[in-house]
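Architecture and fold: a report
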Amino acid sequence: MRQPAIEAAEIGAAEAGDMALVSRALARDPGAFRAIIKTHNQRLYRIARGVVRNDAEAEDIVQEAYMRAFASLSSFRGEASLATWLSRIVINEALGRLRKRRRTVAMPGNPEAQIIRFPLNQKDLNPSGDPERTMAQRQILGLVERATDSLPDVYRTVFVARVIEGLNIEETADLLGVKPETVKTRLHRARALVRKALDDEIGPVLLDAFPFAGRRCERLTQAVMKRLGFEP
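Note that the structure is predicted; figures quoted are calculated from it, not measured.

Cut-off values and rules
- Residues numbered from 1 in each chain as written.
- Predicted model: local features only at pLDDT ≥ 70, side-chain atom pairs only at ≥ 80, totals over all residues.
- Heavy atoms only, no water.
- Helix = DSSP H or I, 4+ residues; strand = E, 2+ residues; numbered from the N terminus.
- Buried < 20%, exposed > 50% of the residue type's maximum accessible area, 1.4 Å probe, protein only.
- Contact = heavy atoms within 4.5 Å.
- Areas by Shrake-Rupley, 256 points an atom, 1.4 Å probe, with all protein chains shown as cover.
- Axes fitted to C-alpha atoms, helices over the stretch in contact; angles between N-to-C directions.
- Parallel < 35°, antiparallel > 145°, perpendicular 65-115°, else oblique.
- Left-handed = near helix turned anticlockwise from the far one by under 90°.
- Nonpolar A, V, L, I, M, F, W, Y, C, P; charged D, E, K, R; others polar.
- Phe/Tyr/Trp six-rings, centres within 6.5 Å; stacked < 30°, edge-to-face > 60°.
- Bend = angle between axes of the 7 residues up to and from the residue.
- Polar contact = N/O pair within 3.5 Å; in protein donor to acceptor, adjacent residues only side chain to side chain.
- Arc of directions from axis to C-beta.

When you go through the protein residue by residue, the secondary structure sums to ten helices and zero strands. Reading the helices (α) and strands (β) of the protein from amino to carboxyl end gives α-α-α-α-α-α-α-α-α-α. Buried residues in the protein amount to 41% of all 232 residues. Intrachain contacts of the protein at a sequence separation of at least 6 include 71% that bridge at least 24 residues. Per element, the accessible surface of the protein, about 12,700 Å² overall, is 54% carbon and sulfur.

This paragraph deals with the environment of Arg-227. Tracing the sequence through the fold places Arg-227 in helix H10 (residues 214-227). With 164 residues separating them along the chain, Arg-227 and Gln-63 place their C-alpha atoms 9.1 Å apart. Those residues in contact with Arg-227 that sit more than four places away from it in its chain are Gln-63, Glu-64 and Met-67.

This part covers the packing of helix H7 (residues 153-164) against helix H8 (residues 169-176). Across the interface, H7 lies against H8 with an axial gap of 9 Å and an inter-helix angle of 140°. On the basis of their axis angle, the class for H7 and H8 is oblique. Considering only the axes of H7 and H8, their crossing is right-handed. Facing H7, whose interface residues are Thr-157, Val-158, Ala-161 and Arg-162, H8 presents Ile-169, Thr-172, Leu-175 and Leu-176. For the contact of H7 with H8, a count of residues per class yields five nonpolar, two polar and one charged.

Take the packing of aromatic side chains next. As enumerated under the stated definition, the model contains four aromatic pairs in all. With centroids separated by 5.2 Å and ring planes inclined at 40°, the aromatic side chains of Phe-33 and Phe-230 adopt a geometry described as tilted. With Phe-33 in helix H2 (residues 30-52) and Phe-230 in the segment after H10, this residue pair connects regions lying 197 residues apart in the sequence. On the accessibility criterion, Phe-33 (3% relative accessible area) is buried.

Moving on: H2. Along H2, the sharpest kink reaches roughly 50°, centred on Asn-41. N-capping of H2 is provided by Asp-29, with a side-chain oxygen placed 2.9 Å from the backbone N of Gly-31. Once H2 ends, the next one or two residues include Arg-53, with phi positive near 60°.

Okay, H8 next. Among the residues of H8, those classed as buried are Ile-169, Thr-172, Ala-173 and Leu-175. Buried residues of H8, viewed axially, fall in a sector of 165°; they line one side. Taking the backbone nitrogen of Glu-170 as reference, a side-chain oxygen 3.1 Å away marks Asn-168 as the first, capping residue of H8. The positive-phi residue at the C-terminal boundary of H8 is Gly-177, with phi of around 70°.

What follows covers the packing of H2 against H7. Following both chains from N to C, one finds H2 and H7 inclined at 150°, their axes separated by 8 Å at the closest point. Taken together, the axes of H2 and H7 lie roughly antiparallel to each other. For H2 against H7, the interelement crossing comes out right-handed. Residues Arg-46, Ile-47, Gly-50 and Val-51 of H2 pack against Arg-156, Thr-157, Val-160 and Ile-164 of H7. When the residues that make up the contact of H2 with H7 are grouped by side-chain class, the tally is four nonpolar, two polar and two charged.

The structure is reproduced here in structure tokens:
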């Protein structure tokens, strides 16, 4: 079991690192912006994807969230970690898109948005190029993806944050603005629903179920850097 003193020291170091990175970004250091984006891309994408269930829209949400965050970076005081602060912005942006989508879908003549399955290419899924492994991974990912996408919104956001992203109860509660007891209740229900859909196949595949491949990460990073005026 980790000693509290060690954990406190690590948290303090992380907070200091966040503030140092933010200070550099406020001074318009391109390296600081790129470091922030690359460090948090995976978490933010998976959270956004978990809310809207659409790959392309999730990328767009993360881009917009970065732009909002960087525009108000001076307001970051380090009360929460930079990861949590950014995640809240992504959650708000994603939920706003979800509400807007529901209003739009209710209008006649508007087709439902196409869900683009992920990963988008074989190299991202299986760098070794083994076709049998690729097929097996696609089948497993498809099962997990469909089961997660089928969850009601209120359970899916908790499930993605807690199980797929690996946040603890307190971090998830802080991120979603609910009580820890609420997180536990919703998570219990979400797990029961996913278990019903997947049976015994839920286990260890979850950590790899929402990958954020290198090419997608780099593409999103370049897009945000360009919007910030750092890329040609």
